[in-house]
Amino acid sequence: MEDFAYNIVYAVNDDFCEIMGVSIASLLENNSEILKNLRITVLSSDITDENKKKIEQIFIRFGATTPRWIDATDTETRLKYRVTLDRGSVSQYSRLFIDGIFDDSVSRVLYLDADTVIENSIKELWNLDLEGNTIGALKDAFSKYYRKNVGLEENDIMFNSGVLLIDVKKWRERNVEKRLLDFIADHRGYIQQGDQGVLNGVLSKETYPLTPRYNLISAFSMFSYKQMILYRKPVACYSENEVNAAVKDPVIIHYTSNFFSDRPWYEGCNTKYAKKWVEYRNLTPWKNNKLRSPNNSLLSRIYNVLPDTVGLRCASIFQAYLRPLKNRFIILIRGF
């Protein structure tokens, strides 16, 4: 029996508690080998006692140690700015304070977004050599125009922060928390992509690129490789073989948002692995609840009536050019 803990961190508000519960159920279901050593910390923003009990029922079902709850409702006060949110809540910023969450005995932490499911053992990911970097993360599939908005240079890694393997000792030694707060102050709270943008702006040169098997974002699984390149126009993307291998055998599936389809907790979702999410939901106290009503956004309705290639090209204009241009414009008018 291993004598150390696999420290896993989530950060959610009450609205995402059910979704986190599904992620936790998948983690416990597929990590029986290290179950007794899993220690989960939840950075909680206004989670009700009822939902906390439901989460704890999942741990009891699997015979795992119940989570440590940390109140993160003062996150915005600690940030000292009204910060940008990117499709989420301010609770996600609480992970910027990872330094004070663990004592000096903890050297490594795995942060997971709530909208993930864990399909295989995390042991191999946990034991990766980060080669002196502060974090390990997925190179995200964004165009070059996003990079400028958070001050990245040509060879910097722009990453997705939904799965972060964090070297806590390096985080402390390199004074990352102060640097993150300084970055927020320098931008007066407005940062493209919210907390993910903050992390990129500070840690892009200290990131070990993870294989996409460890963070299979929806852009990699919804389209063929050529379609994904056409749509996202990413800088320094993974090879077609790497992406295809990840789609075939993912360790962590990440249901990232997009305007082509709703995510699995909405009725009628038809994205790849949607049924997988529902299967794990059936292991939770929410299994008999109705799924949420579909969004049916205008963009998704327009895309769904266009021929595939035409729809992708139109979506690409918005995704690769107009969205970062909008962000850049807001930054400029705010005086940066």
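Up top you'll find the structure we're talking about.
Residues numbered from 1 in each chain as written. Predicted model: local features only at pLDDT ≥ 70, side-chain atom pairs only at ≥ 80, totals over all residues. Heavy atoms only, no water.

Would you mind showing me how to read the overall build of the protein here?
The helix and strand tally for the protein stands at 14 helices and ten strands. Radius of gyration (C-alpha) of the protein: 19 Å, near the 20 Å computed for a compact globule of 336 residues. Along the longest, intermediate and shortest principal axes, the C-alpha atoms of the protein span 55 × 45 × 40 Å. Here the protein, with 336 residues, has 54% of them falling under the buried criterion. A separation of at least 24 residues holds for 79% of the contacts in the protein among residues at least 6 apart in sequence. Distance from the positive charge centre (45 side chains) to the negative charge centre (42 side chains) of the protein: 5 Å. (Helix = DSSP H or I, 4+ residues; strand = E, 2+ residues; numbered from the N terminus. Rg over C-alpha atoms; globule rule 2.2 N^0.38 Å. Buried < 20%, exposed > 50% of the residue type's maximum accessible area, 1.4 Å probe, protein only. Contact = heavy atoms within 4.5 Å. Lys, Arg positive; Asp, Glu negative; His and termini not counted. Charge placed at Lys NZ, Arg CZ, Asp CG, Glu CD.)

Would you mind going over empty space enclosed by the protein with me for this structure?
Any empty space left between atoms is shown by rolling a water-sized probe over those atoms. Enumeration according to the criterion identifies two cavities of 30 Å³ or more in this entry. Considered as a void within the structure, the largest cavity measures approximately 60 Å³ in volume. The wall of the largest cavity is formed by 14 residues, among which S218, S221, Y255, T271 and K272 lie closest to the centre. Looking at the lining of the largest cavity, the elements with two or more residues in it are β9 (216–217), α9 (218–222) and β10 (252–254). No other element matches the three residues that α9 contributes to the lining of the largest cavity. Grouping the amino acids of the lining of the largest cavity by side-chain chemistry returns six nonpolar, five polar and three charged. (1 Å grid on protein atoms, 1.4 Å probe; cavity = no way out; pocket = protein on both sides within 12 Å on 5 of 7 lines; lining within 4 Å. Points joined across faces, edges and corners; volume = space filled by probe spheres on them. Nonpolar A, V, L, I, M, F, W, Y, C, P; charged D, E, K, R; others polar.)

Help me understand helix α8 (residues 194–203) in this model?
The α-helix advances 3.6 residues per turn, and as a result positions three or four apart in sequence lie on the same side. Among the ten residues of α8, nine are classified as buried, and the element is accordingly described as predominantly covered. Those residues of α8 lying buried are G194, D195, Q196, G197, V198, L199, N200, V202 and L203. On its buried face, α8 is in contact with β6 (135–139), β7 (159–167), α6 (168–173), α7 (176–186) and β8 (207–210).

Quick question: what am I supposed to make of the pattern of salt bridges here?
Close approach of charged atoms allows side chains of opposite charge to pair. One pass over the structure, following the stated rule, counts 18 salt bridges. The closest approach of N and O atoms between D249 and R213, which form a salt bridge, is 3.2 Å. Of this pair, D249 sits in the loop between α11 (240–248) and β10 while R213 sits in the loop between β8 and β9, placing them 36 residues apart in sequence. For D249, a relative accessible area of 35% gives the class partly exposed. Overlapping salt bridges, with partners in common, bring together D99, D104 and R172 in one network. (Salt bridge = Lys/Arg side-chain N within 4 Å of Asp/Glu carboxyl O.)

Could you clarify how one ought to interpret the sheet that holds β9 in this entry?
Strand pairs in the sheet, formed through backbone hydrogen bonds, run parallel or antiparallel to each other. Taken in spatial order, the three strands of this open sheet run β5-β10-β9, and their pairing is mixed. Single-partner strands in this sheet number two, and they are β5 (116–118) and β9. In this sheet, β10 lies alongside β9 in parallel orientation, the contact comprising two bridges. Looking at β10, one finds that L216 is bridged to I253. (Pairing = 2+ DSSP bridges.)

How should I be thinking about the environment of E131 in this particular structure?
You can see E131 is positioned in the loop between α4 (123–126) and β6. Taking the relative accessible area as the measure of exposure, E131 reaches 57% and is therefore exposed. Spatially, the C-alpha atom of E131 lies 9.8 Å from that of E206, the residues being 75 residues apart in sequence.

Explain the sheet that holds strand β2 (residues 38–45) here, please?
The mixed open sheet is built from seven strands, whose spatial order is β3-β2-β1-β4-β7-β6-β8. Looking along the sheet, the strands with just one partner apiece sit at the ends: β3 (68–71) and β8. Across this sheet, the average inter-strand angle for adjacent strands is 30 degrees, counted without regard to direction. Summarising the sheet, β6 and β8 pair through four bridges and their orientation is parallel. Note on β8: the bridge partner recorded for A137 is P209. With respect to the sheet, helix α1 (residues 17–29) is in contact with β1 (6–13), β2 and β3, its orientation differing from that of β1 by roughly 160 degrees. (Axes fitted to C-alpha atoms, helices over the stretch in contact; angles between N-to-C directions.)

What exactly am I supposed to notice about the side chain of N215 here?
Of note, N215 is situated in the loop between β8 and β9. According to the relative accessible area criterion, N215 is buried, its value standing at 0%. Reaching out from N215, the side chain makes a polar contact with the side chain of H254 at a distance of 3.0 Å. (Polar contact = N/O pair within 3.5 Å; in protein donor to acceptor, adjacent residues only side chain to side chain.)

Help me understand the pairing of β6 in this model?
When a strand is regular, its side chains alternate between the sheet's two faces. Buried residues dominate β6, accounting for four of its five residues. Where β6 lies against β7, four bridges are found, and the strand directions are antiparallel. Bridge pairing in β7 places G136 opposite L165.

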